[in-house]
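# Architecture and fold: a report
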There are 6 protein chains.
Amino acid sequence: MKTMVALGEILIELNSLSPGPLRHVTYFEKHIAGSEANYCVAFTLLGNRCVFVGRVGDDEFGRNAIEWLRGKGVDVGRVKLDPNPTGIFFIQRNYPVPDKSISIYYRKGSAGSRLSPGDLDDDLLREADVVHSTGITLAISETAREAVFEAFERAKVTSFDTNIRLKLWSPEEARETIMNLLRREPLKFLITDTDDSKVLVGESNPDEAYRLLSPYAELVVMKQGPKGATVYYEGEKYFSPGYTVKVEDVVGAGDALGGTFLSLVLSGFPPKKALDYAIASSTLNVTMRGDQEPLPTLQELDEFLREMNKVPGVR
Amino acid sequence: MKTMVALGEILIELNSLSPGPLRHVTYFEKHIAGSEANYCVAFTLLGNRCVFVGRVGDDEFGRNAIEWLRGKGVDVGRVKLDPNPTGIFFIQRNYPVPDKSISIYYRKGSAGSRLSPGDLDDDLLREADVVHSTGITLAISETAREAVFEAFERAKVTSFDTNIRLKLWSPEEARETIMNLLRREPLKFLITDTDDSKVLVGESNPDEAYRLLSPYAELVVMKQGPKGATVYYEGEKYFSPGYTVKVEDVVGAGDALGGTFLSLVLSGFPPKKALDYAIASSTLNVTMRGDQEPLPTLQELDEFLREMNKVPGVR
Amino acid sequence: MKTMVALGEILIELNSLSPGPLRHVTYFEKHIAGSEANYCVAFTLLGNRCVFVGRVGDDEFGRNAIEWLRGKGVDVGRVKLDPNPTGIFFIQRNYPVPDKSISIYYRKGSAGSRLSPGDLDDDLLREADVVHSTGITLAISETAREAVFEAFERAKVTSFDTNIRLKLWSPEEARETIMNLLRREPLKFLITDTDDSKVLVGESNPDEAYRLLSPYAELVVMKQGPKGATVYYEGEKYFSPGYTVKVEDVVGAGDALGGTFLSLVLSGFPPKKALDYAIASSTLNVTMRGDQEPLPTLQELDEFLREMNKVPGVR
Amino acid sequence: MKTMVALGEILIELNSLSPGPLRHVTYFEKHIAGSEANYCVAFTLLGNRCVFVGRVGDDEFGRNAIEWLRGKGVDVGRVKLDPNPTGIFFIQRNYPVPDKSISIYYRKGSAGSRLSPGDLDDDLLREADVVHSTGITLAISETAREAVFEAFERAKVTSFDTNIRLKLWSPEEARETIMNLLRREPLKFLITDTDDSKVLVGESNPDEAYRLLSPYAELVVMKQGPKGATVYYEGEKYFSPGYTVKVEDVVGAGDALGGTFLSLVLSGFPPKKALDYAIASSTLNVTMRGDQEPLPTLQELDEFLREMNKVPGVR
Amino acid sequence: MKTMVALGEILIELNSLSPGPLRHVTYFEKHIAGSEANYCVAFTLLGNRCVFVGRVGDDEFGRNAIEWLRGKGVDVGRVKLDPNPTGIFFIQRNYPVPDKSISIYYRKGSAGSRLSPGDLDDDLLREADVVHSTGITLAISETAREAVFEAFERAKVTSFDTNIRLKLWSPEEARETIMNLLRREPLKFLITDTDDSKVLVGESNPDEAYRLLSPYAELVVMKQGPKGATVYYEGEKYFSPGYTVKVEDVVGAGDALGGTFLSLVLSGFPPKKALDYAIASSTLNVTMRGDQEPLPTLQELDEFLREMNKVPGVR
Amino acid sequence: MKTMVALGEILIELNSLSPGPLRHVTYFEKHIAGSEANYCVAFTLLGNRCVFVGRVGDDEFGRNAIEWLRGKGVDVGRVKLDPNPTGIFFIQRNYPVPDKSISIYYRKGSAGSRLSPGDLDDDLLREADVVHSTGITLAISETAREAVFEAFERAKVTSFDTNIRLKLWSPEEARETIMNLLRREPLKFLITDTDDSKVLVGESNPDEAYRLLSPYAELVVMKQGPKGATVYYEGEKYFSPGYTVKVEDVVGAGDALGGTFLSLVLSGFPPKKALDYAIASSTLNVTMRGDQEPLPTLQELDEFLREMNKVPGVR
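Each value, and the rule that gives it
- Residue indices begin from 1 for each chain and proceed along its sequence in written order.
- Note on labels: chains are lettered from A, ligands numbered from 1, in written order.
- With pLDDT at 70 or above as the cut-off, local features in this predicted model cover only qualifying residues; side-chain atom pairs require 80 or more to be listed or tallied, and sums for whole chains, interfaces and linings still use all residues.
- The basis for every side-chain value is the complete set of non-hydrogen atoms in the structure, without hydrogens or water.
- To qualify as a helix, a DSSP run of H or I must reach at least 4 residues; to qualify as a strand, a run of E must reach at least 2; elements of each kind are numbered from the N terminus.
- Throughout, radius of gyration means the C-alpha value; the globule benchmark is 2.2 Å times the number of residues raised to the power 0.38.
- Here, Shrake-Rupley sampling with a 1.4 Å probe gives the accessible areas, and only protein chains in the shown set may cover a residue.
- It only takes one pair of heavy atoms within 4.5 Å for two residues to be counted as in contact.
- Buried area is a sum: the accessible area each of two parts loses on coming together, probed at 1.4 Å, counted once for each and added.
- Put simply, a salt bridge is a Lys or Arg side-chain nitrogen that is within 4 Å of an Asp or Glu carboxyl oxygen.
- Pairs of N or O atoms within 3.5 Å make up the polar contacts considered here, provided that, within protein, one atom can donate a hydrogen while the other can accept it, and that residues adjacent in sequence are counted only when both atoms are side-chain atoms.
- In short, DSSP must find at least two bridges between two strands for them to pair.
- To obtain each axis, a line is fitted to C-alpha atoms, and for helices this fit is confined to the stretch in contact; angles are then taken between N-to-C directions over 0 to 180 degrees.
- When a residue's accessible area, from a 1.4 Å probe over protein chains only, is under 20% of the maximum for its type it is buried; when over 50% it is exposed; and in between it is partly exposed.

Where an unreviewed UniProt entry is consulted, chain A appears under the name Sugar kinase, with the organism given as Metallosphaera tengchongensis.

Following this line, the structure appears as structure tokens:
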């Protein structure tokens, strides 16, 4: 069993019960989310262990987040309660673009944004099989950013998902900060997509983007949306195509892909096989609301792949 | 800012919460609808002004309709309260034909059907940039029909959506009455579709239908269902194709198309560009229940077109 | 009007209100189901008469089942109340395989499983135009199995749907028992699919499977999932292709196909035409939850076929 | 087993899912209702037989009503399908008066209102143990009124619930018509309440009202709202007090009381005992939405009385 | 028709669909709220005019708030769009104290808190029949506080509801600020309750509290929770008792009381009569979720009083 | 922190979303329940530790139960996965007796019923501060009964809730088995109610029942339903009265009372104070669905008591 340490923010997701503009949505459905928390649950369900480092509010939503993640098997022993409120966000689905979602954040000054270097534990970082964070944590506050930089400095093995959210910072800030991190701490795993690579290195062509990002990581996963994803490592390149399904909500699908990939690769699966599973996990993720509820076990992923790759059969 | 005067009936829509035969639907969701009201809201949200001329019941549903439309920015100062009840209709979705809806009306003798020439205001009609009505208003009562004929006679600029509903009258009545209107009052804008043109001039081929209808209008929009729509004007012809999306309820999509088109053309957009936007609005409309909730702003339409015409991207 | 006698179990279906793993489903929607009950309702709605022979619990769910089927026109005069509880099952939808469902049964020792030869009525069986049962009834208990064998022995005309459920028995048991039945009582109608034929005769190719099964039935319907179905009879073979629709829940679709086919063939429709209708009924069935709510009347099937086979029209 | 013939209208009830003014209610829940249909189901569930005489639309709602009542065991063999639509009504709950409901009808010209003397069957009326109707059926149309007068003339034993609905007629019309009926056809059973007696004979005091109404009926049930009800017969008087419960919707409670009372008295229960049961049935009726869903069996009524009359116990 | 100018914050309310701790609530229902907005709608529905002065976010929730209030007839012409987000709050109902609610705010730095003196319009303030605000607006920001002080200085007639929210400021801050306002600008109308008077003048006995507050206002309404409320004016004192009803959510009930009272008193009703109506409005308010949906018209209030003061009647 | 070991069955609760007979309930809401699991969560939330000993199915419902309890802080390390299915039950609420619920079990042969002596761990039992079980576990199977007897034999301190469920065994069996347990293993804590004492010792008067049961336990809690409860210990007797609240579902209220009482007494609270808290917890429990969601923290209980014992205040 491998251990991942994830630094980030757990959020309360308020997903629209019906599609369309938020102004006409009456009911919202609560879920637990946050990119690094999503990674953690995906990672844990596939047989490994994740320690979450971060803060939630000392309030109902904070307690809710801790109970949920603990239930899922995540190690929440290092999640701190903070006097600031737990961050939340709303999701507007399928409007004004079908099969796309929009996030509206109430996370400024949130408990999660108060993550700071003081929250780190040296032993934990040193012993972890991987230390993971994302561009979101870099963007939410100065102290959170410092925490990621410091953690990556101390870690043996690092993983980073670029996850650029333009509601949290400008493309310039995103580029400067992330490239600064990459230059200082070459990664073991870089997970990104063709929108983010456009921001970071001016390229949205996967191969070209990889070429420019390759100095900074041993292995790069390049997500390409519904089309699929490509993994580059040790001179190899493997593209795993996406599946066509009914889209309910795409939020969290990238984290499902990344968390599944990391967990399986750390468990010893070859990156190609791990990416096929990761695409399967990400596909299931878009077919329902909630970022973590659709996350599968290995047995469920196997069943997905077996059935989806059969010739069209009988029901 | 341009002003449209719309004559028609505001209805309470009771949409099935689940697809299937009405006999097995337990929950109904209330919306405000009515073809001309839909036009009004689409028109208003795109930056123009609409004055609705019609009647609602002096009851909860009537007050509901007025509050909703006023909220949306529609000028409801001329909507009269009538002792008869506000008309309602139920929608059966996706049964027995997938992606089609069936309307069941309780509008006989409704407040809305009591619209009459006495409800018209000469100044308003004369000063309007366009006076609009539909085949539905011609069908609901004698007095409503007279009101439309009289209004069109007095108006400077007219727009008409054929909107033939065979639950309200026979094909023969529809043909005779509508062709009578067209002959007497050549229109600036005729909005129709290939089912209606079959009834009116015996043709469901768009070009052939246009040829037969062209004497009666300066500009004709020919809706062709999910395939798209064609606009014919000043010797030009432009086809804007539809988008493939998950269909929740098609009711109101034609009005979204027509109202969006009219508002943008009156604002000075070229008809071709206006039709592209109209197709976008109509596409969004079929992806959710409610006729008016999915109606977009110009900024939302721009986002739709930008994203939907991108090469398949990353999520 | 023809009479079918159906032997089997009526179940309470608890369908997930949202897709995804059962562990995260909070709301369940109750429906009446059970393969032979589904057949009965399909059969009845198309103008014939069905007598259901079986047992339900002397409890709320049992009474619920009886009231529902009686409402639908099924003759429930021979349904016995049993001290054991009414069987139930849960449906997990679209997980871990999109557009597939998983059934979780609580039917061991259920009232329905206590069907026994003593519940049969000789006159009824002799006078019936067809006596029908399924592989499920063979699997639920010894006594139910005996009841089917005895009923088929006494019946003039028999129909059997293989319906192999691997949660109820092993492939070996299924093969042995079903083939034993087929050998002893050659059928008029055999309804099966390419998964079941693989279990029974080791063949999932429709034509090959038919060749091996043909000694046991005058007419064979071979279901091929979303692809469609083939009917073989009197040296003829006819394939009716499926329709592409949004899948909500596939449970019950096979029964809709079989029940529709049987009812129409007994009413005198040629098997080819009956199969086209049966495919239509089965298509509607997958677009909504509930096995029996989507079952159509002949008029609804006609409307389906008329509209679905039109060239893409206007909305 | 006794037979009741009930003349009246089956309605589709659209009950507000949440309390408050209809203008702010978004979801409506469909139920089957109509005073005489409510009587029928109450009557049937207690072990007798009811034949409903009336009309529903040849539409989804009409079929829905027939299937529901048939499921409940009501004899619907004489319910006619009519080209006019099935009547519907909406319920506004707890507003503007807590624990009261308001009905909004769409039943003018409904199928049900087209009941006419031609729908009557002499044999049926003559052989019935009781023929029942209400003031509502007198109010909905001329022909329906005539049907009731004629039926009562031909019947051996009659029962009438005054059920005055001031949205359907004026107090004067109600008084004149009902008193006319009472004078011409002295009843076996008169069911009324203190509001209706105020309209009919100017008295809302139960005893005084009874004195004035006593010439017209052998037995009078005087409903007194939440306070309870009194039965007067053969010189006896018995008051059965109501129970204090949470009120969800009072619509249908009076019919529950009347139908329960009639069924039990005809089964041979003494009127006092029957009234205690009737109050119990009516009490259950106000605690949930739907007029017919709360109707109990005798066993359930016994359990209610046993538990509610216990000294406060343990849970 | 009288005009009120209200200064304050419009909030998005996310009410728990089910009672209990927020950590276990899955669905939230969106409403428009905010104390001064509630006052506005209550005031408007009773026949007067309210101009709202404040800010909402230039976002979906802000647009939603404006459309809703405009629909209700509130003059929103002076509501500014602000780059900061629209404030929101969650309601936890009936936990841990039955019949009480808890509000959890996300309004720090909200658009509404950016109300400032620059948003005021001298003419509007001078011509208003009353200028109204609450302790909440004093608490949300420095600039909002200044806006209230300045507006009250310029106004002819002022009204103030103390509305102390201890989640927004300390008792000391609340006392100092509010007493400062009262001392500088003696009010025409002071609306308060016995919890707030305890904070302000150390007294929760209504009469004693009034004695200490009387120098600061011509008329004082002292709310006493479910027990009722007392109005003191021109040497008179009148207590109007509350009604016992099922409590769904008490949030907004005080505003319903205040807004109803103000509107009717300004319309010329005697304060005693106005208070009776205000208690009625406040009673209806606690029986359903949403602060503004339960607000009644005068006709509805009359019906409430007529029915609730009747001797227990018949249903 | 004290440790409780609880032996029993975790069940999936399917609670009716609406009140009334199960035959008319369409939606069911899933919760985690089971008397001993309820005790565990109540115990844990008040600051102690509970180890659950029992079995769940190796299925979705079993995993669901484990994740939920782990989230709540219960030690589930000794919960075994069993090939048999997880037990479930349905709740019918408020019918046919208002404010009462009826449970319908599908737990025969469930995973939980397969608890057996082999599942016990000597060290755990010896070191526990209390070992707890209930009459339900005695009733579900032979092996479960043996497990309880053996565990009680080995434990230092025992607690037992009689919890007689007459759907699981006869009064005679219940009496014989439970009295047998009490005689062999005198308890530290006996929690019972006046219905159960009637079965066990023929007495429903609390004091009389206590007299007869006192030989078997050092401390007895006698629940008296909505009236309250009495604790008897060391010659003392203390009655804590219940509160009048709106009842949603009483299932689980007794466990809330018992679990709260045990946890606080073990933490050192005097039994009288602990009983006041226990009554508060039990009161909250009946106001919402779900057995475990309403369970409070100590801070929430304090708030309840503070507010509920205030003189009626202001809202």
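Having seen it, we continue.
Moving on, we come to the overall build of chain A. Looking only at helices and strands, chain A features 11 helices and 13 strands. Over its C-alpha trace chain A gives a radius of gyration of 18 Å, about what one expects of a compact globule, namely 20 Å for 315 residues. Once the C-alpha set of chain A is aligned to its principal axes, its extents read approximately 55 × 50 × 40 Å. A total accessible area of about 10,500 Å² is found for chain A, and carbon and sulfur atoms account for 48% of it.

Taken together, the contact between chain B and chain D spans 22 residues of the former and 22 residues of the latter. In total, about 2,100 Å² of surface goes out of reach between chain B and chain D, with carbon and sulfur atoms giving 58% of it. Ranking the residues of chain B by area buried against chain D places Arg23(B), Glu60(B) and Tyr106(B) at the top, with a combined share of 33%. Two residues, Glu60(D) and Arg23(B), come together in a salt bridge whose shortest N-O distance is 2.8 Å. For the pair chain B and chain D, the number of links is 19 residue pairs in polar contact (both at pLDDT 80 or more).

The next thing to look at is the sheet that holds strand S7 (residues 101-106) of chain A. Adjacent strands of a sheet form backbone hydrogen bonds with each other and so pair up, either parallel or antiparallel. The strand order across the open sheet formed by 8 strands is S7(A)-S6(A)-S2(A)-S3(A)-S3(E)-S2(E)-S6(E)-S7(E), and the pairing between neighbours is mixed. For this open sheet the edge positions go to S7 of chain A together with strand S7 (101-106) of chain E, each flanked by a neighbour on one side alone. Taking each pair of neighbouring strands and ignoring which way they run, the sheet shows an average axis angle of 30°. Two elements, strand S2 (residues 11-16) of chain A and strand S3 (residues 27-33) of chain A, share 6 bridges in a ladder whose sense is antiparallel. By the bridge assignment, Leu14(A) is partnered in S3(A) with Lys30(A). Helix H2 (residues 60-71) of chain E contacts S3, strand S6 (88-93) and S7 of chain A together with strand S2 (11-16), strand S3 (27-33) and strand S6 (88-93) of chain E of the sheet and is inclined by roughly 55° relative to S3(E).

With respect to the helices, strands and loops of the structure, Ser197(F) is situated in helix H7 (residues 194-201). Residues contacting Ser197(F), with those up to four places away along its chain left out, are Thr192(F), Gly202(F), Glu203(F), Ser204(F), Ala209(F), Leu213(F) and Met222(F).

As a further point, take the sheet that holds strand S10 (residues 187-193) of chain A. Residue and element names in this part refer to chain A. Overall, mixed pairing links the 9 strands, which are arranged S5-S4-S1-S8-S9-S10-S11-S12-S13 in an open sheet. Each having just a single partner strand, strand S5 (79-82) and strand S13 (236-241) make up the two edges of the open sheet. Averaged over neighbouring strand pairs, the angle between their axes works out to 15° when direction is ignored. Note: strand S1 (residues 3-7) against strand S4 (residues 49-57), 5 bridges, orientation parallel. Each residue of the ladder has a partner; that of leucine 7, found in S4, is valine 53.

Once that is clear, we can look at the pairing of S6(E). All names here are of chain E. Of all 6 residues in S6, 6 are buried, a share of seventy percent or more. Residue alternation in S6 divides its side chains into two sets, Ile88, Phe90 and Gln92 and Phe89, Ile91 and Arg93, and both sets are buried. Sheet topology places S2 next to S6; 4 bridges connect them, and they run parallel. Among the inter-strand pairings, asparagine 15 is bridged to a residue of S6, identified as isoleucine 91. Note: S6 against S7, 6 bridges, orientation antiparallel.

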